[in-house]
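# Chain and residue survey
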Amino acid sequence: MDETLGTALRRWRDRLSPADVGRIARAGRRAAGLRREELAELAGLSVDYVVRLEQGRATRPSEQVVASLARALQLAPAERDHAFLLAGLLPPRDGTISTHVPAGVQRMVARLGEFPVGVFAADWTLLSWTPAWAALLGDPAARAPAERNLVRAVFATGPRGLAAWPVMNEGDALDRALVADLRTAIADHPADPGLTGLVAELRATSAEFARLWDEGAVGRHVSARKVIVHPQVGEVTCDCDVLTVPGSEVRLVLYTVAANSADAEKLEFLRVTNGLSADGSPPSPRGPFPTP
């Protein structure tokens, strides 16, 4: 029997355990692998759409949908390309930004559930995040995927960037670092139309971005101290570190606070009030999610 995208999705879903994605297997659970509801949550899709994909009733998923499913299912690069071909799409080309998140990175992020962690592509588009990230900075699921680019958000809304409330940085260090980092990315990915389009868009719409870009700074966005003005707990001072993974293009942005500090108590309060377990995972799926 010929393989379809639906049969492949079911096979890949069945081989993942809840622990692989940071979930706790509850007593009485029948499914050994991921449930459709869990896959839908991880991929940012509606359960109904996942069902239609697996049953072959949805036959033309977008590149964005297939890439999201590949990340959620922790597919290897060859498997991701196979999923694109089964969907009737061309796999991502060389010279373009990859949104592939290695399975090992995803497992590591799942085990860092108590920390606010975001996973970004080379163009600073947010790909995935922990529930603790949503509790501290606001849930990115409320934004359309195109609105989850940190550089675009910073130069459109100021220091808060992708956060739902004010974030204070030191001077223009974040702006300058992001522009320098984006210049490095465009040298690494000259054939990526989304990246070149982003730079052209920001040069046309943001005088500050154009000024910094024309200065020619080159570098990487690394670490900073930030003060997040949260509506529930007030100011939370965090160390924000950017981690890279050799052999992968993704960056992990991790927020931490000093142990036994007032800031740690505030994060614990947010964890409890947002219904997160001790490891930072939600007790149940966070849906509903929009249907593509």
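Residues numbered from 1 in each chain as written. Predicted model: local features only at pLDDT ≥ 70, side-chain atom pairs only at ≥ 80, totals over all residues. Heavy atoms only, no water.

Per an unreviewed UniProt entry, the chain goes by the name Helix-turn-helix transcriptional regulator and belongs to Nonomuraea maheshkhaliensis.

### A short note on the pattern of salt bridges
One pass over the structure, following the stated rule, counts 15 salt bridges. Between Glu 54 and Arg 13 there is a salt bridge; the shortest N-O distance is 2.8 Å. Taken together, the positions of Glu 54 in helix 3 (residues 47-54) and Arg 13 in helix 1 (residues 5-15) put the pair 41 residues apart, joining distant regions of the chain. As far as burial versus exposure is concerned, Glu 54 and Arg 13 are alike and both buried. (Salt bridge = Lys/Arg side-chain N within 4 Å of Asp/Glu carboxyl O. Helix = DSSP H or I, 4+ residues; strand = E, 2+ residues; numbered from the N terminus. Buried < 20%, exposed > 50% of the residue type's maximum accessible area, 1.4 Å probe, protein only.)

### Notes on helix 3
Within the span of helix 3, buried status applies to Tyr 49, Val 50, Val 51, Leu 53 and Glu 54. The elements touched by buried residues of helix 3 are helix 1, helix 2 (36-43) and helix 4 (63-72). Gly 56 sits one or two positions beyond helix 3 and adopts a positive phi of about 80°. (Contact = heavy atoms within 4.5 Å.)

### Overview of the nonpolar core
If you look at the biggest cluster of nonpolar residues, it comprises 51 residues, and the most contacted ones within it are Leu 136, Phe 209 and Tyr 255. Beyond its immediate sequence surroundings of up to four residues, Leu 136 is in contact with Pro 116, Trp 165, Ile 228, His 230, Val 236, Cys 238, Tyr 255, Leu 267 and Leu 270. Leu 45, Val 50, Leu 53 and Ala 58 belong to the second largest nonpolar core, which has 27 residues in total. (Core = buried A, V, L, I, M, F, W, Y, C linked by side-chain atoms within 4.5 Å.)

### A few points about the packing of aromatic side chains
Overall, the coordinates contain five aromatic pairs when judged by the stated rule. Consider the rings of Phe 120 and Trp 124, whose centres lie 5.3 Å apart with planes at 55°: the pair is tilted. The exposure class of Trp 124 is buried, given its relative accessible area of 0%. Judged by centre distance (5.2 Å) and plane angle (90°), the ring pair of Phe 155 and Phe 209 falls under edge-to-face. Taken together, the positions of Phe 155 in helix 8 (residues 150-157) and Phe 209 in helix 11 (residues 207-215) put the pair 54 residues apart, joining distant regions of the chain. Assigned by exposure class, Phe 155 and Phe 209 land together as buried. Members of the aromatic cluster, connected to one another through ring pairs, are Phe 120, Trp 124, Trp 133 and Tyr 255. Note that Arg 183 overlies the ring of Trp 213, its terminal NZ or CZ placed 4.2 Å from the centroid. (Phe/Tyr/Trp six-rings, centres within 6.5 Å; stacked < 30°, edge-to-face > 60°. Lys NZ or Arg CZ within 6 Å of the ring centre and 35° of its normal.)

### Concerning the layout of surface pockets
Taken as a whole, the second largest pocket holds about 290 Å³ of empty space. In terms of lining residues, the second largest pocket is bounded by 16 residues, among which Glu 114, Phe 115, Ala 264, Leu 267 and Glu 268 are the most central. For the lining of the second largest pocket, the elements supplying multiple residues, two or more each, are helix 7 (131-137), strand 6 (251-256) and helix 12 (262-273). The element best represented in the lining of the second largest pocket is helix 12, accounting for five residues. (1 Å grid on protein atoms, 1.4 Å probe; cavity = no way out; pocket = protein on both sides within 12 Å on 5 of 7 lines; lining within 4 Å. Points joined across faces, edges and corners; volume = space filled by probe spheres on them.)

### Section: the sheet that holds strand 4 (residues 224-230)
Pairing within the open sheet is antiparallel, and its six strands lie in the order 2-1-6-5-4-3. Taken across any chain shown, the strands that pair with only one partner, and hence form the sheet edges, are strand 2 (126-129) and strand 3 (167-168). As paired elements, strand 1 (residues 117-120) and strand 6 share four bridges and run antiparallel to each other. If you follow Val 117 over to strand 6, its bridge partner there is Leu 254. Where helix 12 meets the sheet, its contacts fall on strand 4 and strand 5 (234-244), and the angle it forms with strand 5 comes to roughly 90°. (Pairing = 2+ DSSP bridges. Axes fitted to C-alpha atoms, helices over the stretch in contact; angles between N-to-C directions.)

### Topic: helix 6 (residues 103-111)
Turning to helix 6, its buried residues are Ala 103, Val 105, Gln 106, Val 109 and Ala 110. Along the long axis of helix 6, the arc covered by the buried residues comes to 160°, so they all point the same way. Contacts from the buried residues of helix 6 go to helix 4, strand 1 and strand 6. (Arc of directions from axis to C-beta.)

### Regarding the packing of helix 10 (residues 193-205) against helix 11
The interhelical angle for the contact between helix 10 and helix 11, taken along N-to-C directions, is 115°, at an axis separation of 5 Å. For the element pair helix 10 and helix 11, the recorded crossing hand is left-handed. Only Ala 207, Phe 209, Ala 210, Trp 213 and Asp 214 of helix 11 make contact with helix 10, whose side of the interface consists of Val 199, Leu 202, Arg 203 and Thr 205. In terms of residue class, the contact of helix 10 with helix 11 is built from six nonpolar, one polar and two charged. (Left-handed = near helix turned anticlockwise from the far one by under 90°. Nonpolar A, V, L, I, M, F, W, Y, C, P; charged D, E, K, R; others polar.)

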